Amino acid sequence: MREPSSIERIEIVRLEETSKYDVFSEKTLATVEDADSFLKGFKSLKCRIYYTAPKGVHSGETVIKFVYTNDEYEFVGMYGSAYNTTVGGFVNYRGYCYFEKEEFTSFIERYIN
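Predicted model, so just to flag it, every value in this text is computed and none were measured.

Draft legend 1. Spatial organisation of the overall build of the protein. In terms of regular secondary structure, the protein is built from two helices and eight strands. The secondary structure elements of the protein, listed N-terminal to C-terminal, are β-β-α-β-β-β-β-β-β-α. Relative to its length of 113 residues, the protein is compact, with a C-alpha radius of gyration of 13 Å against a globular reference of 13 Å. Dimensions of the protein along its principal axes, counting C-alpha atoms only, are 35 × 30 × 25 Å.

Draft legend 2. Main features of the state of the cysteines. Under the defined criterion, the tally for this structure stands at one disulfide. With its sulfur 1.2 Å from that of its partner, Cys47 forms a disulfide with Cys97. Of this pair, Cys47 sits in strand β3 (residues 47–49) while Cys97 sits in strand β8 (residues 97–99); the two residues are 50 residues apart in sequence, bridging distant segments of the chain. In this structure Cys47 comes out as partly exposed when scored by relative accessible area, which is 32%. A relative accessible area of 24% places Cys97 in the partly exposed class.

Draft legend 3. Looking closely at the confidence of the model for the protein. When pLDDT is averaged across the protein, the result is 88; 91% of the residues are at 70 or more. Of all secondary-structure elements in the protein, the lowest mean pLDDT belongs to β3, at 84, while strand β4 (residues 62–68) reaches the highest, 96.

Draft legend 4. Spatial organisation of a nonpolar patch on the surface. On the surface, Ile49, Tyr51, Tyr93 and Tyr96 cluster together into a nonpolar patch covering about 450 Å² of accessible area. Here Tyr51 is to be found in the loop between β3 and β4.

Draft legend 5. Summary view of the pattern of salt bridges. All chains considered together, the criterion is met by six salt bridges. The closest approach of N and O atoms between Arg14 and Glu16, which form a salt bridge, is 3.6 Å. Among the residues examined, Arg14 registers a relative accessible area of 31% and is labelled partly exposed. When the shortest N-O distance is used, the salt bridge between Glu100 and Arg48 registers 3.1 Å. Of this pair, Glu100 sits in the loop between β8 and α2 (101–112) while Arg48 sits in strand β3; the two residues are 52 residues apart in sequence, bridging distant segments of the chain. Among the residues examined, Glu100 registers a relative accessible area of 27% and is labelled partly exposed. Sharing partners across several salt bridges, the network here consists of Glu8, Arg9 and Glu11.

Cut-offs and rules
Residues numbered from 1 in each chain as written. Predicted model: local features only at pLDDT ≥ 70, side-chain atom pairs only at ≥ 80, totals over all residues. Heavy atoms only, no water. Helix = DSSP H or I, 4+ residues; strand = E, 2+ residues; numbered from the N terminus. Rg over C-alpha atoms; globule rule 2.2 N^0.38 Å. Disulfide = S-S within 2.5 Å. Buried < 20%, exposed > 50% of the residue type's maximum accessible area, 1.4 Å probe, protein only. pLDDT = per-residue confidence, 0-100. Patch = residues over 30% accessible without salt bridge, like charges linked within 9 Å, V, L, I, M, F, W, Y side chains within 5 Å. Areas by Shrake-Rupley, 256 points an atom, 1.4 Å probe, with all protein chains shown as cover. Salt bridge = Lys/Arg side-chain N within 4 Å of Asp/Glu carboxyl O.

The structure is reproduced here in structure tokens:
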């Protein structure tokens, strides 16, 4: 995640498969109203570092979408992340951080309901 000041909005989205590899359609489940509170909670989530091939994000997963002021965005899922930049395009991989399933799911469900 980039600097909080560069975040334009935060959404909770469900990724759906398309006919193209690593291209997802999105269903927006919620738009976060209080970004500061959300970011505080997000930063408190436990994350484990595993030095394996990162999973990235996948179809059927509910993820956090950070949209930045330059229209670039990042998906953060339970087992990895992905980003889209104006220069590099979409990359379904970002680091080795894996969130604990129950904690991550509980956190994002608070914003959906």
